[in-house]
Amino acid sequence: MANRLRIHSIRATCASSSGHPTSCCSVAEIMAVLFFHTMRYKQGDPEHPDNDRFVLSKRLSFVDVATGSLGQGLGAACGMAYTGKYFDKASYRVFCLMGDGESSEGSVWEALAFASHYNLDNLVAIFDVNRLGQSGTAPLEHCTAVYEKRCQAFGWNTYVVDGHDVEALCQAFWKAAQVKNKPTVLIAKTFKGRGIPKVEDAENWHGKPMPKDRADGIVKLIENQIQTNRNLTPKSPIEDSPRISISNSKMTSLPAYKLGDMIATREAYGLALAKLGQSNQRVIVLDGDTKNSTFSEVFKKEHPERFIECFIAEQNMVSVALGCATRGRTIAFVSTFAAFLTRAFDQIRMGAISQTNINFVGSHCGVSVGEDGPSQMALEDLAMFRSIPNCTIFYPSDAVSTEHAVYLAANTKGMCFIRTTRPKTAVIYTAEENFVIGQAKVIRQSSVDKVTVIGAGVTLHEALVAAEELSQQGIFIRVIDLFTIKPLDAATIIRSAKATGGQIITVEDHYREGGIGEAVCAAISREPDILVSQLAVTEVPRSGKPSELLDMFGISARHIIAAVKDTVMN
């Protein structure tokens, strides 16, 4: 079967003039043993909940998750194994095949630490130690003893095997199934391009199909090594996982806030999440050691069995969430400081490629973070998530809208990002207010408005302060709360702008690039008579009190008032 796989790889890559036949050849025996001896699954139902899972964490996409960007597969496998052991409490196992070159990625070692900490004995990782990377040799080449010591130091059970010895592989996978309370790694010594004359273990063949004039001869040579035409049938899965249906999560009661209550949207997120967890048992929460700041600790207190502490390893946290959410097994919320999500952007974009449903919640946004300083201030997060296809971006401005954002995200297909803020802000909506994705709220207006001011989060409250002061001077403005930045409510924005003389001022606690102002400009690009002035953070901020920083960087009520007067006069 391994040789048949080699033949298929050579023929397919040769026909398409693209692919990695040498990498396929190095793992042929591993794949043959896994799929036709070790793994349990239904061939005709690849998404069956009781099937063993397989993650090909090399340079191809496979079932469940896309892992073409190296170093992410083991984290996703950890999420699958965690779900199987602690949520589903089922017999299915998870196998993850990795390249030795990608083991230089730090995210691999984040995942190794995670799996050991949570005793994921239903997880088996396989290092394909074939010595060669893309442009040269891997740093450890064939030093399997070093791989073994490193994995043992991370708390893994290890087996060093000849990756081309079928019997040795069968034995190693069988032994791995007997191990309790530890994940297992097989360190398999292989040769890139195995079975191909003058290509095996040779450099400069990575990602190159065999020349068409050589392909038939190579295939014939490998065919001669096949001793039997016997078909191999995989084992059937043990069908003991719970049958679940993740239905819509409805708000069981109205938000318990009153107009004027002072509460931070980050805290409202934690309270809403705990409430959601009461009505939907498949909601899980992952956090990166920030639970007392993101307020996800409220969920942990009420539902500790569905809270996953991922510690300070944001890249792995995103990959684990991706694994947990595969096959619709959970509704995952991932929370940390929004600034720290930027380091996991590659994992986030790969999640989008996998068409996964994950809800990201980033707190501590903008200069309103205050004294903690610029390293903690997310000022690029909207730009990052706006670039993700099919990602819904919520930017609630009070506790009521935050609770609605949490429930809407739980029911929305695809990725979602909820931007929450650190300072307490007043509740401006009644508990009965309804919120819809893509619909903004016009929260202050009159028939004599001169300018439309658009804000979200803390800047919306600054806009309301500005509106009140301006009204006392006889200048009236229309104030819009966007609620969702993507999709944007272009119709309401255009209608309001035309009613206020074609003048818009956007104000945001975010850098100008990729933020609210640019989103609004894109939405009204076909309206040449509408002018947009943007107030945003335009330089690297510093530490200080939130109110001081809002004023210092040009997004406070004082600056909004000045911008309105300048617009009206001109």
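Heads up: the structure comes first, above all this text.
Everything in this summary refers to the structure shown in the same document.

1. Some thoughts on the overall build of the protein
Helix and strand counts for the protein stand at 21 helices and 19 strands. For a compact globule of 570 residues, the expected C-alpha radius of gyration is about 25 Å, and the protein comes in at 27 Å, within 12% of that figure. By principal-axis analysis of the C-alpha atoms, the protein measures approximately 90 × 50 × 40 Å. Within the span of the protein, comprising 570 residues, buried residues form 59% of the whole. Taking all contacts inside the protein whose residues are at least 6 apart in sequence as the whole, residues at least 24 apart take part in 78%. Accessible surface for the protein amounts to roughly 22,600 Å². Of this, 49% is attributable to carbon and sulfur atoms.

2. Some remarks on the side chain of S69
On the secondary structure map, S69 appears in the loop between β1 (53-57) and α4 (73-87). Within the structure, S69 has its side chain in polar contact with the side chain of Q72 (distance 3.5 Å). When near neighbours in sequence (up to four residues on either side) are disregarded, S69 contacts D346, R349 and M350.

3. Things to note about the sheet that holds strand β18 (residues 503-511)
What the five strands build is an open sheet, ordered β14-β16-β15-β18-β19; its pairing is mixed. Taken across any chain shown, the strands that pair with only one partner, and hence form the sheet edges, are β14 (441-444) and β19 (531-537). Averaged over all adjacent pairs, the angle separating strand axes in this sheet is 25°, with direction ignored. Across three bridges, strand β15 (residues 451-455) lies against β18 in parallel orientation. From the neighbouring strand, T452 faces β18, where its bridge partner is I504.

4. So, the environment of Y41
Within the element layout of this structure, Y41 appears in the loop between α3 (28-38) and β1. In sequence terms Y41 and I238 are 197 residues apart; their C-alpha atoms lie 8.6 Å from each other. Dropping the residues within four chain positions of it, Y41 is found in contact with F35, N51, P234, K235, S236 and P237. Within polar-contact distance, the side chain of Y41 engages the backbone oxygen of F35 at 3.0 Å.

Reading the values: rules and limits
Residues numbered from 1 in each chain as written. Predicted model: local features only at pLDDT ≥ 70, side-chain atom pairs only at ≥ 80, totals over all residues. Heavy atoms only, no water. Helix = DSSP H or I, 4+ residues; strand = E, 2+ residues; numbered from the N terminus. Rg over C-alpha atoms; globule rule 2.2 N^0.38 Å. Buried < 20%, exposed > 50% of the residue type's maximum accessible area, 1.4 Å probe, protein only. Contact = heavy atoms within 4.5 Å. Areas by Shrake-Rupley, 256 points an atom, 1.4 Å probe, with all protein chains shown as cover. Polar contact = N/O pair within 3.5 Å; in protein donor to acceptor, adjacent residues only side chain to side chain. Pairing = 2+ DSSP bridges. Axes fitted to C-alpha atoms, helices over the stretch in contact; angles between N-to-C directions.

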